[in-house]
Amino acid sequence: MVDILLTHYKKNIMSTKTTKQKLPKWFNGELYEEGATVRNRFSGEEYELNAMELSMYDFVMGSTILVEMGGGGPKMITELRKGLDWFRMNNAKAYMVLLD
């Protein structure tokens, strides 16, 4: 039983490491060449993001600011939600630390 669980665990780790992230077609933000460490503006917790994750993070944060200021309209709200969903699917731990 332990061997089965360990094998399942190793497969999940391997699939997580080998899955290549892609930004969605609707994404119209800037694509960075390098990642960076990002700090949660409320908790102060930090998380290291790769270039794609940082690009989406900045898109989400910029969209959030626009929506909070009453701008952007329905399309911006939809894209903000899609950006949050993308983050949940591609790096759930970073999402929990930085955006939840």
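Check the entry above for the structure.
A brief structural summary. (Residues numbered from 1 in each chain as written. Predicted model: local features only at pLDDT ≥ 70, side-chain atom pairs only at ≥ 80, totals over all residues. Heavy atoms only, no water.)

## Concerning the environment of Met-76
Step number 1: Of note, Met-76 is situated in helix α3 (residues 73-90).
Step number 2: Overall, Met-76 belongs to the buried group, its relative accessible area being 17%.
Step number 3: Once the C-alpha coordinates of Met-76 and Thr-64 are considered, the two residues, twelve residues apart in sequence, prove to be 8.8 Å apart.
Step number 4: Excluding anything up to four places from it in sequence, Met-76 contacts Ser-63, Leu-66 and Val-67. (Helix = DSSP H or I, 4+ residues; strand = E, 2+ residues; numbered from the N terminus. Buried < 20%, exposed > 50% of the residue type's maximum accessible area, 1.4 Å probe, protein only. Contact = heavy atoms within 4.5 Å.)

## Describing α3
Step number 1: Over its 18 residues, α3 extends 26 Å from the first C-alpha to the last, a length consistent with the 26 Å expected when each residue adds 1.5 Å.
Step number 2: Among the residues making up α3, those that are buried are Met-76, Glu-79, Leu-80, Gly-83, Leu-84, Trp-86 and Phe-87. Angular distribution of buried residues about the axis of α3 spans 155°; they occupy a single face of the element. Within α3, the exposed residues directed more than 90 degrees away from the buried face are Pro-74, Lys-75, Arg-81 and Met-89.
Step number 3: Each element contacted by the buried residues of α3 is listed here: β2 (46-49), α2 (51-68) and α4 (92-98). (Expected span 1.5 Å × (residues − 1). Arc of directions from axis to C-beta.)

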